[in-house]
Amino acid sequence: MSDALPRRTKQRARRWHRYLGLLAAIPLLWFALSGVLLNHAQILGLNERMVTSPWILRYYNQLPEGSPHTLRVGDRHVTEWGGELFLDETALPLGGELLGAVSYQGQLVIATPERLGVFDGSAEMLLELDELSLPATPLQGVELFEGQLHLAAADQFYLLSEDFFSAEKSARSFVKTPTKELPPREKEALTRAVRSRRGMPLSRVILDAHSGRLFGWPGWLLSDLAALGLVILTLLGLRLYRKRRS
Amino acid sequence: MARVFYTIVLLLCGGSAFAGPKVHQKPSDFIRESLGEIPATRAINLSARQQGQVRAILGKNYKTRSVRYWTKGGKTAFILEEIGKTEYITTGIVVKGGRVETVKVLVYRESHGWEVARAAFTRQFRDVTLRADGQISKVPRNIAGATLSVRALTKLARLALFLEGQK
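Residues numbered from 1 in each chain as written. Chains lettered and ligands numbered in written order. Predicted model: local features only at pLDDT ≥ 70, side-chain atom pairs only at ≥ 80, totals over all residues.

Novice: Just to check I follow, could you spell out the sheet that holds strand β6 (residues 100–104) of chain A for this structure?
Specialist: Sheet strands associate in pairs through backbone hydrogen bonding, adopting either a parallel or an antiparallel arrangement. All names here are of chain A. Spatially, four strands are ordered β6-β7-β8-β9 in an open sheet, and the strand pairing comes out antiparallel. The open sheet terminates on both sides in strands that have one partner only, identified here as β6 and β9 (125–129). Averaged over all pairs of adjacent strands, the angle between strand axes in this sheet comes to 15°, irrespective of strand direction. Pairing of β6 with strand β7 (residues 107–111) involves five bridges; the strand directions are antiparallel. Its bridge partner being in β7, S103 is matched across the sheet by L108. (Pairing = 2+ DSSP bridges. Helix = DSSP H or I, 4+ residues; strand = E, 2+ residues; numbered from the N terminus. Axes fitted to C-alpha atoms, helices over the stretch in contact; angles between N-to-C directions.)

Novice: Quick question: what am I supposed to make of the nonpolar core here?
Specialist: Nonpolar side chains tend toward joint burial in soluble globular proteins. Counting residues in hydrophobic clusters, the biggest one holds 40 residues, and the most contacted among them are F78(B), I93(B), V100(B), L153(B), L156(B), A157(B) and A160(B). If you list the elements that add at least two residues to this core, you get α2 (27–35), α3 (48–58), β3 (66–72), β4 (75–83), β5 (88–96), β6 (99–108) and α5 (147–164) of chain B. Sequence-distant contacts of L153(B), defined by excluding residues within four places in its chain, comprise I89(B), T91(B), V103(B) and V116(B). Listed in part, the 34 residues of the second largest apolar core include V102(A), F119(A), M125(A) and L160(A). (Core = buried A, V, L, I, M, F, W, Y, C linked by C-beta atoms within 7 Å. Buried ≥ 20, exposed ≤ 12 C-beta atoms within 10 Å, placed from the backbone. Contact = placed C-beta atoms within 7 Å.)

Novice: I keep staring at the domain arrangement of chain A and nothing clicks. Help me out?
Specialist: By a widespread convention, an interface's size corresponds to the accessible area lost as its parts come together. If you check the domain split of chain A, you get domain 1 (4–58 + 199–245) and domain 2 (63–197). Each of domain 1 of chain A and domain 2 of chain A has a C-alpha centre, and the two are 48 Å apart. (Domains from an automatic or database assignment.)

Novice: Teacher, can you tell me more about unusual backbone geometry here?
Specialist: Residues and elements named next belong to chain A. Geometrically, the link from T137 to P138 is a cis peptide bond, its omega value of 0° lying close to zero. For Q105, which is not glycine, the phi torsion reads 50° and is therefore positive. In this structure, Q105 sits in the loop between β6 and β7. For Q105, a count of 10 C-beta atoms within 10 Å puts it in the exposed group. A positive phi angle is found at E146, which is not glycine, with a value near 50°. Tracing the sequence through the fold places E146 in the loop between β10 (139–145) and β11 (148–153). Given 6 C-beta atoms within a 10 Å radius, E146 is considered exposed.

Novice: Looking at this model, I keep getting lost on α5(B). Mind explaining?
Specialist: Because each turn of an α-helix spans 3.6 residues, side chains separated by three or four positions end up pointing in the same direction. Given a rise of 1.5 Å per residue, 18 residues ought to cover 26 Å, and the 26 Å separating the end C-alpha atoms of α5(B) matches this to within 8%. By the criterion of burial, α5(B) is predominantly enclosed, with 14 of the 18 residues buried. (Expected span 1.5 Å × (residues − 1).)

Novice: What am I meant to see in the pairing of β4(B) here?
Specialist: Residue and element names in this part refer to chain B. Sheet analysis places β3 next to β4, joined by four bridges and oriented antiparallel. Within β4, the residue paired with W70 across the bridge is A77. Joining the antiparallel neighbours β3 and β4 is a turn of two residues, in which G73 adopts a positive phi near 55°. The pairing of β4 with β5 spans nine bridges and is antiparallel. Residue pairing for β5: L80 is matched across the bridge by T91. Once β4 ends, the chain turns through four residues before running back antiparallel as β5.

Novice: I keep staring at the sheet that holds β4(B) and nothing clicks. Help me out?
Specialist: Strand order in the open sheet formed by six strands is β1-β6-β5-β4-β3-β2 (chain B), and the pairing between neighbours is antiparallel. Pairing within the sheet leaves two strands with one partner each, and these edge strands are β1 (22–23) and β2 (42–45) of chain B.

Novice: Explain the interface of chain B and chain A to me, please; I cannot follow it from the model alone.
Specialist: Facing the 16 residues of chain B at the interface are 13 residues of chain A. Of all elements in the fold, only α2, β3 and α5 of chain B reach the threshold of two or more residues within the side of chain B that touches chain A. Of the residues forming the side of chain B that touches chain A, the biggest block, three residues, is contributed by α2(B). In terms of residue class, the side of chain B that touches chain A is built from seven nonpolar, five polar and four charged. (Nonpolar A, V, L, I, M, F, W, Y, C, P; charged D, E, K, R; others polar.)

Novice: Please explain the environment of T70(A) as it appears in this structure.
Specialist: Residue and element names in this part refer to chain A. Examined against the element boundaries, T70 turns out to sit in strand β2 (residues 69–73). Judged by C-beta crowding, with 23 C-beta atoms within 10 Å, T70 ranks as buried. Here the alpha-carbon distance between T70 and L44, two residues 26 residues apart in the chain, equals 41 Å. Ignoring sequence-local partners within four residues, the contact set of T70 consists of H77, V78, T79, T179, K180 and L182.

Here is the structure:
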């Protein structure tokens, strides 16, 4: 009688150990593998490799907040969405409130309160001017008048030189160009582009898959259960080991 | 119990301190401090060949095709930006006679790796030169957990030395 109870307990522990081990095997294998990958992310270049797969990127829902507002320059749309700037569907390396955008000498000049960005026809930035090269900040607007570039900054008006590096006070006054809401068709195209084109570093995706966060609450719940399973497996294993030893 | 509570509060506050961009110095203040005043802005318009050389240093094109600089008394100051992991690190670099005189992190936006902004780290770039193979004469010590930021600053020091020769 005194021998039967430990044997039954032992059998139960062994059974639990077996089934739990089987259940947790795949997540644990993933934890181990992804953990090793993350530990060597730099050597493996996982920070530089970008994941662009739309089905993964949709989990990151990188859409900016608010609604997109735009200025039309020729047949292009310069859009501000949650402080991010886009030229049609391409993200620009310039951020902030969109104060104005004009086409000047075949270049696109975009003003935000702190910076003036000069772009070629694509999204490549030729020049970025800040407080160091601007006559004053914050900028309040940019305008093209009689082929010359005018700036409104800190309640003053300036005429900017052709190379953008010098300015003289101007008598011309103007206000910030009002932006318009991006038309639905363009908004849909931009939404699609933002969702799918903005890559995520592979290391970030592996980290989020490692923790389960990538798949929302079911993901982290599964991760937690697998981790809990590992703790129970260890305890059961230790218990079985001690029984075998004794 | 109270000690544990305050420790947790302190840790949480400490964490939030690194949440946003940290401006160590305004670029205009850096130029003024380094050159005594803010001279007129000049720019190097990178040709296709020069862009290729920049790509060899950074592994990609520089953020802009024209790179601004300010020069006075033989010193040239650059305000350069490079991505650490996901955000730009704004760095002020002064070069004189082919040697780095000052490197200073002006704006740090990453959540990790802010240790590169410490003077003890940036001092290592002082008197560094560009070797014939395009590498710098003295590689700075790595900082655990800030490897990408260390690399970004090293690349910017190389870039500044390269650009000084292209004026």
